[in-house]
Amino acid sequence: MAPTRLARVKPDRGLSVTESRRLKRQEQQVAWRRRGAGFVRPPWTDEGRVRALCTSCGDCIAACPEAILRAGPARTPIVDFLENSCTFCRDCAAACGEGVFRDETQTPWTLTARLGAACLLRMGVSCRSCTDACDAHALRFDLRAGPVGAIHVDHDACTGCGACVGVCPAGAVTMAYGAAPRVEAAE
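Cut-off values and rules
Residues numbered from 1 in each chain as written. Predicted model: local features only at pLDDT ≥ 70, side-chain atom pairs only at ≥ 80, totals over all residues. Heavy atoms only, no water. Helix = DSSP H or I, 4+ residues; strand = E, 2+ residues; numbered from the N terminus. Buried < 20%, exposed > 50% of the residue type's maximum accessible area, 1.4 Å probe, protein only. Contact = heavy atoms within 4.5 Å. Areas by Shrake-Rupley, 256 points an atom, 1.4 Å probe, with all protein chains shown as cover. Core = buried A, V, L, I, M, F, W, Y, C linked by side-chain atoms within 4.5 Å. Disulfide = S-S within 2.5 Å. pLDDT = per-residue confidence, 0-100. Salt bridge = Lys/Arg side-chain N within 4 Å of Asp/Glu carboxyl O. Phe/Tyr/Trp six-rings, centres within 6.5 Å; stacked < 30°, edge-to-face > 60°.

**Q** Explain the overall build of the protein chain residue by residue, including any values.
**A** In terms of helices and strands, the protein chain carries six helices and seven strands. In the protein chain, the succession of helices and strands from N to C terminus is α-α-α-β-β-α-β-α-β-β-α-β-β. Each of the 187 residues in the protein chain was classed as buried or not, and the buried ones make up 40%. Long-range pairs, those at least 24 residues apart, make up 65% of the contacts in the protein chain with a sequence separation of at least 6. Here the protein chain displays about 10200 Å² of accessible surface, and carbon together with sulfur accounts for 53% of that area.

Following this line, the structure appears as structure tokens:
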């Protein structure tokens, strides 16, 4: 069976904000599946801990003040950065009585921002949405590169909060686990 192709959401299509976000979320999920990246799990957890310990009670989802947690596979928690970002408040961990979340003294996750080919700068359109949203200053705009500049991702500074994901008008920012080059550029 061929994968379902979803049309890119364009502002002139007359879609409501809610419908546009729903389509963007579907596009992101299709992209995750194509890349085999899976879903992002809450901070201080990982896929193994969720599969082994989570009872799908939903307490962590209900406790998230940022409303970025939602039910994923088997009703276990996944993170959805399209609406908001993680503040690392630990309310999700405090609500969990199953031991799914690790000790808060450990790093929340190895999640960092990645810039995709759909970045508007690569198409010659000036955009700084992701850098404006990045409180950690891990995304930096450099006007010296190219005709409209470039975004550089400092993976050492990136907290993985996801603030840059939902604000990207092209859907070019994703979050990924694991090691990455210290500084990545989208030119």
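Past the structure itself, the notes keep going.
**Q** Can you break down the nonpolar core residue by residue, with the values?
**A** Core analysis: the biggest nonpolar cluster contains 37 residues, and Phe81, Phe101, Cys164 and Val173 have the highest contact counts within it. Those elements that provide at least two residues to this core are α4 (91–95), β3 (112–115), β5 (150–154), α6 (163–167) and β6 (173–176). Discounting chain neighbours no more than four positions away, the residues touching phenylalanine 81 are Val40, Ile68, Cys86, Trp109, Leu111, Gly160, Cys161, Gly162, Val165, Gly166 and Met175.

**Q** Explain unusual backbone geometry to me, using residue names and the numbers behind them.
**A** Positive phi is not limited to glycine here, since serine 56 has a value of about 60°. Turning to its location among the elements, serine 56 is positioned in the loop between α2 (47–53) and α3 (59–63). Positioned with a positive phi, phenylalanine 88 is a non-glycine residue whose angle comes to about 55°. Topologically, phenylalanine 88 is positioned in the loop between β2 (77–79) and α4. On the basis of relative accessibility, which here comes to 23%, the residue phenylalanine 88 falls in the partly exposed class.

**Q** Before we move on, can you summarise the state of the cysteines with the specific residues and values?
**A** By definition, a disulfide links the sulfur atoms of two cysteine residues through a covalent bond. On inspection of all chains with the given rule, the structure shows zero disulfides. Note on cysteine 64: no disulfide assigned, nearest cysteine sulfur contributed by cysteine 89 at a separation of 6.2 Å. The exposure class assigned to cysteine 64 is buried, which follows from its relative accessible area of 13%. Cysteine cysteine 86 is unpaired, with the sulfur of cysteine 92 as its nearest cysteine sulfur at 6.5 Å.

**Q** Please give an account of the confidence of the model for the protein chain that cites residues and values.
**A** Averaged over every residue, the pLDDT of the protein chain is 83; residues scoring 70 or more account for 76%. Per-element mean pLDDT across the protein chain ranges from 54 in strand β7 (residues 183–186) up to 97 in α3. Low confidence marks residues 1–12, where pLDDT is under 50. Its contacts with residues over four positions away, or in another chain, come to 18 contacts. Counting contacts from residues 32–36, a segment whose pLDDT is below 50, to residues more than four positions away or on other chains yields nine contacts.

**Q** Please provide a residue-by-residue account of the pattern of salt bridges, values included.
**A** For the coordinates displayed, the defined rule picks out seven salt bridges. Linking glutamate 47 and arginine 41 is a salt bridge whose minimum nitrogen-to-oxygen distance equals 2.8 Å. Taking the shortest distance from any N to any O, the salt bridge between arginine 102 and aspartate 46 comes out at 3.7 Å. You can see arginine 102 sitting in the loop between α4 and β3 and its partner aspartate 46 sitting in the loop between α1 (17–35) and α2, a full 56 residues away along the chain. Beyond isolated ion pairs, a larger network of salt bridges with shared partners links Arg41, Glu47 and Arg51.

**Q** Please provide a residue-by-residue account of the packing of aromatic side chains, values included.
**A** Within this structure, the stated rule accounts for three aromatic pairs. Between the aromatic rings of tryptophan 44 and phenylalanine 88, the centroid separation amounts to 6.2 Å while the plane-to-plane angle is 85°, which identifies the pairing as edge-to-face. Taken as a pair, tryptophan 44 in the loop between α1 and α2 and phenylalanine 88 in the loop between β2 and α4 lie far apart in primary sequence, 44 residues in all. Overall, tryptophan 44 belongs to the buried group, its relative accessible area being 4%. With centroids separated by 6.2 Å and ring planes inclined at 80°, the aromatic side chains of phenylalanine 81 and tryptophan 109 adopt a geometry described as edge-to-face. Of this pair, phenylalanine 81 sits in the loop between β2 and α4 while tryptophan 109 sits in the loop between α4 and β3; the two residues are 28 residues apart in sequence, bridging distant segments of the chain. Grouping residues by exposure puts phenylalanine 81 and tryptophan 109 together as buried. Aromatic ring contacts, followed pair by pair, group Trp44, Phe81, Phe88 and Trp109 into a single cluster.

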